Amino acid sequence: MKPSTRHLLGLTLAALGILYLIGTAPVLPAWAWGLVGAAVMFTLRRYGAPEEALGLGAALAGWALGALGADLTGLQSLKLVGTGLGIGLWGWQDGHDLAAWTGGALLVAGALVFLWESAVGTWVALGLLALGAWLVLRQGEKAPAPAPADDEVFTRLVRWRNRRAAEAGLRNVEVLSDAELGCIAALENPTAPAAVASCLERGGAKRAAEIVEALRGTATE
């Protein structure tokens, strides 16, 4: 049900009163007035105030706890963290996406400010520096370059492949694939049957022996 103008006006006036008490902090510390304000908002919600009263109460409660932590530790970022936590929990529990995202943003901002003003921030910064440097150096590692193919071996293999393909009525890549050809041509000893066999996708020792024979020049031209 849409809240009435009277209810919204009353909630606004109550919120302004609470903010004044928090800002001036008469008698009690500011965080105590924040808790008082949260209690007032929760009570007003119980007696028919708009749903926004619950959100204001959650924000005030979170801020008050953060302010108490700030008084004890000197870390003012805790106020921001507490406010974000309060709003975020309210939004998450009641299904208000905007409130949940707003609370999350305040929480993240508070965490960043906390790292900035605390001694922990120095160690976090050093950790980020080390991680970034490690990633850059790790990505900069170069894979070992493949051995250059022997032009003469490559040429002889291409000629043999074309001849065998013509004889058998096959495509040349069916006789010897490009990957197999390149691997054999890059071998340190392309006339070693075991080495040639390691480059072949199929055929094994028999096919390797035929290729080695062609490379040694004993195959029939």
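Thresholds, definitions, all that
- Residues numbered from 1 in each chain as written.
- Predicted model: local features only at pLDDT ≥ 70, side-chain atom pairs only at ≥ 80, totals over all residues.
- Heavy atoms only, no water.
- Buried < 20%, exposed > 50% of the residue type's maximum accessible area, 1.4 Å probe, protein only.
- Helix = DSSP H or I, 4+ residues; strand = E, 2+ residues; numbered from the N terminus.
- Arc of directions from axis to C-beta.
- Contact = heavy atoms within 4.5 Å.
- Core = buried A, V, L, I, M, F, W, Y, C linked by side-chain atoms within 4.5 Å.
- Disulfide = S-S within 2.5 Å.
- Polar contact = N/O pair within 3.5 Å; in protein donor to acceptor, adjacent residues only side chain to side chain.
- Patch = residues over 30% accessible without salt bridge, like charges linked within 9 Å, V, L, I, M, F, W, Y side chains within 5 Å.
- Areas by Shrake-Rupley, 256 points an atom, 1.4 Å probe, with all protein chains shown as cover.
- Salt bridge = Lys/Arg side-chain N within 4 Å of Asp/Glu carboxyl O.
- pLDDT = per-residue confidence, 0-100.

### Some thoughts on helix α9 (residues 178-185)
Here α9 has its buried residues at Glu180, Leu181, Ile184 and Ala185. For α9, the angular spread of the buried residues around the axis is 125 degrees, confining them to a single face. Among the exposed residues of α9, those pointing more than 90 degrees away from its buried face are Asp178 and Ala179. On its buried face, α9 is in contact with α7 (151-168), α10 (193-199) and α11 (204-215).

### Thoughts on the environment of alanine 205
Looking at the element boundaries, alanine 205 is found in helix α11. Alanine 205 sits 12 residues away from proline 193 along the chain, and the two C-alpha atoms are 7.0 Å apart.

### A short note on the nonpolar core
One finds Leu157, Leu176, Ile184 and Ile211 to be the most contacted residues of the largest nonpolar core, which totals 17 residues. Looking at this core, the elements that each hand over two or more residues are α7, α9, α10 and α11. Here this core takes 5 residues from α11, the largest share from any one element. Setting aside chain neighbours within four positions, we find leucine 157 in contact with Leu176, Leu181, Ile184, Ala185, Ile211 and Leu215. Judged by nonpolar contacts, the second largest core, of 14 residues, contains Trp33, Met41, Leu60 and Ala61.

### Let's talk about the state of the cysteines
Under the definition given, this model contains 1 disulfide. Paired by a disulfide, cysteine 183 and cysteine 199 hold their sulfur atoms 2.1 Å apart. Disulfide cysteine 183-cysteine 199: the torsion about the S-S bond is -60 degrees, which places it as left-handed. Linking cysteine 183 in helix α9 with cysteine 199 in helix α10, this pair joins segments that are 16 residues apart in sequence.

### Focus on the side chain of glutamate 180
Tracing the backbone through its elements, the reader meets glutamate 180 in helix α9. Polar contacts involving the side chain of glutamate 180 include one to the main-chain amide nitrogen of serine 177, which spans 2.9 Å. At 2.9 Å, the side chain of glutamate 180 and the side chain of arginine 207 are in polar contact. Dropping the residues within four chain positions of it, glutamate 180 is found in contact with Cys199, Leu200, Glu201, Arg202 and Arg207.

### So, a nonpolar patch on the surface
Together, Val27, Leu28, Val36, Val40 and Leu44 make up a nonpolar patch on the protein surface, roughly 410 Å² of accessible area in all. Residue placement: valine 40 occurs in helix α2 (residues 30-46).

### Quick notes on the confidence of the model for the protein chain
Of the residues in the protein chain, 86% have a pLDDT of 70 or more, and the chain-wide mean is 81. Mean pLDDT values over the elements of the protein chain span from 69, in helix α6 (residues 120-139), up to 91, in α2. In the predicted structure, residues 139-148 sits below a pLDDT of 50 and forms 3 contacts with residues beyond four places in sequence or in another chain.

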